[in-house]
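So the chains spell out like this:
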Amino acid sequence: MGDQKEKLFNIYFFIIAFVNLGSSTMMQMFNSTITLHIDALDYAASVSGTLISIGAVSATVYRFFGGKLCEKRGRRTLIILGLADFAFMSLLMGIVDELVLLYILRILQMFGYSMASTSVSVAIIDVIPQKRVGEGLGYYSLAASLPQAFGPSVALFLYHMKGGFGTVMAGAALMGLIALILTVLFLDYEKKRTVSHAKRPNTESALQKNALEPETALQECVSEPEPALESSMLETEGKKTPKGIWKFIEKRALPAAWVYFFVMISGSLVSMYLTLYASKTGIDNAGWFFTISVIFMVAARLSSGRLCDRMGVLYAVVPGILSVAAGFVLLLLCSRVTALFYIAGAFYGFGTGMTAPALNAQAVREVPKDRVSIASSTFFLPVDISFMAGSVLWGGMIDHFSFSVIFVTAAGLSAAALLLSLIMFLPRKSSGR
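Throughout this document, residue positions are counted from 1 along each chain, in the order its sequence is written. For this predicted model, a pLDDT threshold of at least 70 governs which residues receive local features, and a threshold of 80 or more governs which side-chain atom pairs are given and counted, while totals over whole chains, interfaces and linings are taken from all residues. The side-chain values count all of the structure's non-hydrogen atoms but skip hydrogen atoms and water molecules.

Side note on the packing of helix H16 (residues 372–400) against helix H17 (residues 403–425)
Stage number 1. Remark: H16 packs on H17, axes separated minimally by 9 Å, with the N-to-C direction vectors making an angle of 150°. It follows that H16 is roughly antiparallel to H17 by the angle criterion. In the crossing of H16 with H17, the sense of the turn from one axis to the other is right-handed. For the pair formed by H16 and H17, the contact residues are Leu393, Trp394, Met397 and Ile398 on the first element and Phe403, Val405, Ile406, Thr409, Ala410 and Leu413 on the second. In this description, a line fitted to the C-alpha atoms serves as the axis of each element, helices being fitted only across the stretch in contact, and the angle between N-to-C directions of two axes falls anywhere from 0 to 180 degrees. Every helix listed is a DSSP run of H or I at least four residues long, and every strand listed is a run of E at least two residues long, numbered separately from the N terminus. These descriptions rest on fixed angle ranges, namely under 35 degrees for roughly parallel, over 145 for roughly antiparallel, 65 to 115 for roughly perpendicular, and the rest for oblique. The crossing is said to be left-handed when, going from far helix to near helix, the turn is anticlockwise and less than a right angle, and right-handed when the turn is clockwise. Between two residues, a contact is recorded if the distance between any of their heavy atoms is within 4.5 Å.

Let's talk about the pattern of salt bridges
Stage number 1. The working definition used for a salt bridge is a side-chain nitrogen of Lys or Arg within 4 Å of a carboxyl oxygen of Asp or Glu. Taken as a whole, this structure holds four salt bridges when the rule is applied.
Stage number 2. Arginine 75 is paired through a salt bridge with glutamate 71; the nearest N and O atoms lie 3.5 Å apart.
Stage number 3. Between buried and exposed lies partly exposed: a residue is buried under 20% and exposed over 50% of the maximum accessible area for its type, with that area taken using a 1.4 Å probe on protein chains only. Looking at arginine 75, the relative accessible area reads 10%, which means it is buried.
Stage number 4. Glutamate 250 is the partner of arginine 371 in a salt bridge, and the nearest nitrogen-oxygen pair spans 2.9 Å. Of this pair, arginine 371 sits in the loop between helix H15 (339–364) and H16 while glutamate 250 sits in the loop between helix H11 (227–236) and helix H12 (254–281), placing them 121 residues apart in sequence. Both residues of the pair, arginine 371 and glutamate 250, belong to the buried class.
Stage number 5. Among the ionic contacts, a cluster of salt bridges with common partners joins Glu71, Arg75 and Asp126.

Comments concerning helix H13 (residues 287–311)
Stage number 1. Here H13 contains 25 residues, and its C-alpha end-to-end distance of 35 Å stays within 8% of the 36 Å for a straight helix at 1.5 Å per residue.
Stage number 2. At serine 304, H13 shows its largest bend, some 25°.
Stage number 3. Taken as a whole, H13 has its buried residues at Gly287, Phe289, Phe290, Ser293, Val294, Met297, Ala300, Arg301, Ser304, Gly305 and Cys308. Multiply 1.5 Å by the residue count of a helix minus one, and that product is the helix's expected span. Note that the bend at a residue is defined as the angle between axes fitted to the seven residues ending at it and the seven residues starting at it.

A few points about the packing of helix H3 (residues 75–93) against helix H4 (residues 99–126)
Stage number 1. Packing of H3 against H4 brings their axes to within 7 Å, and their N-to-C directions diverge by 150°. With respect to their mutual orientation, H3 and H4 come out roughly antiparallel. Here the hand of the crossing between H3 and H4 comes out left-handed.
Stage number 2. Taken together, the residues of the contact of H3 with H4 sort by class into 18 nonpolar, five polar and four charged. Think of it as three bins: nonpolar holds Ala, Val, Leu, Ile, Met, Phe, Trp, Tyr, Cys and Pro, charged holds Asp, Glu, Lys and Arg, and polar takes everything else, Gly as well.

Looking at the environment of methionine 115
Stage number 1. The topology assignment puts methionine 115 in helix H4.
Stage number 2. Note on methionine 115: relative accessible area 12%, which makes it buried.
Stage number 3. In this structure the C-alpha to C-alpha distance between methionine 115 and leucine 83, which are 32 residues apart in sequence, comes to 8.1 Å.
Stage number 4. Not counting residues up to four positions away in its chain, the partners in contact with methionine 115 are Tyr62, Leu78, Leu81 and Gly82.

Here we look at the confidence of the model for the protein chain
Stage number 1. What pLDDT expresses is the predictor's confidence in each residue, scored from 0 to 100. Averaged over all residues, the pLDDT of the protein chain is 81; the fraction at 70 or higher stands at 86%.
Stage number 2. Low confidence marks residues 203–238, where pLDDT is under 50. Its contacts with residues over four positions away, or in another chain, come to 20 contacts.

Focus on the packing of aromatic side chains
Stage number 1. What counts as a ring pair is set by centres within 6.5 Å for rings of Phe, Tyr and Trp (its six-membered ring), and what kind of pair is set by the plane angle: stacked under 30 degrees, edge-to-face over 60, tilted for all other angles. This model, assessed by the stated rule, comprises 21 aromatic pairs.
Stage number 2. Residues phenylalanine 9 and tyrosine 139 carry aromatic rings whose centres are separated by 5.4 Å and whose planes lie at 65° to one another, so their mutual orientation is edge-to-face. With phenylalanine 9 in the segment before helix H1 (11–40) and tyrosine 139 in helix H5 (residues 133–140), this residue pair connects regions lying 130 residues apart in the sequence.
Stage number 3. Since its relative accessible area comes to 33%, phenylalanine 9 is described here as partly exposed.
Stage number 4. On the basis of relative accessible area, tyrosine 139 is assigned to the partly exposed category, the value being 21%.
Stage number 5. Centre to centre, the rings of tyrosine 277 and phenylalanine 403 are 4.7 Å apart; their planes meet at 55°, and the pair counts as tilted. Of this pair, tyrosine 277 sits in helix H12 while phenylalanine 403 is found in helix H17, placing the two residues 126 residues apart along the sequence.
Stage number 6. The exposure class assigned to phenylalanine 403 is buried, which follows from its relative accessible area of 13%.
Stage number 7. The rings of Phe289, Phe290, Phe328, Phe341, Tyr342 and Tyr348 are connected pair by pair, giving a single aromatic cluster.

If you want it as structure tokens, here you go:
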């Protein structure tokens, strides 16, 4: 029985993955066209940077307490509220052109996105066997990878239709509505687990019911203990209750979160400004960068989680970060050889595909069940901060420097991620015997 491999895939896995696919597609559609929309409104690139960063502030605020809220209110409820908010605010952003209103709507939009994405990232860990968490997150993260292939291409296609950015945001809102309906109809695993636990015999009532048969009652109580109680006793034994800020932050997730921060701050350049770079340098079919990127990302994600589970996080993270850095070096050279633009997509996709699931699995590994939601929220907290910092950094640099300088800077930040991962995850030599 102990050797039997636990089942990885189930209906809830696929529903949660589709919700992640929907919200990631919506965000890709926004990110790949907002700079074009702001440029069409005759504002500087730094304006789109501040617009993106103010949304990241909103997401960061939610991430801070989102994990704790997930435990109190439940995953499904927050996914529903988050998707509804995200879809509606996206639709409104496509209608208004007033800059002040765009800032306000962006704050509300990202609050909803953060609510949905945080809850989804916790829900998927609920339905993945603990011993296969790396492998499961590797497959699940494909749902976030695929939008990077078709999201920008679909968004650019819609953008050039009648309605421009408004058409893009209407398409994003429709995707959010589909994900919302699926959540309402099918994501009920929390309710079923609650009902299942409620049906288990209570120790006291079993003794009363079988007062004339004490041996039967005792046998029933002993043979079917309450799993939640048993688990709680095992997990709380010898464990200190977190105090202060550590109620909302999981220390064990911080090393993976910091490494991912540096990976994502360089990656924000690609997701937010690469289409602008391609349009200014005359590179046609920029969407192919993302398509090629995702092909290699999918291949990497299929092996990254299992590699992390079996050999350790560095075996996935180190080659991944080196590949990301190589992608930026190729982008630096593609102004002379256009083909390098698309080859860079392959390196970038493979690199992010290797690092993301491995670091996500590392963040929740060996974390008590009652802290998994906090650990997941902690891991994604620097992601929002990286987009906030990256949007301002890259937007400001675009206004004052060439893209060559920007790509060198991005490669340098990738090198910082590599150095930090070695510091955080290299095994320490024991000072004992």
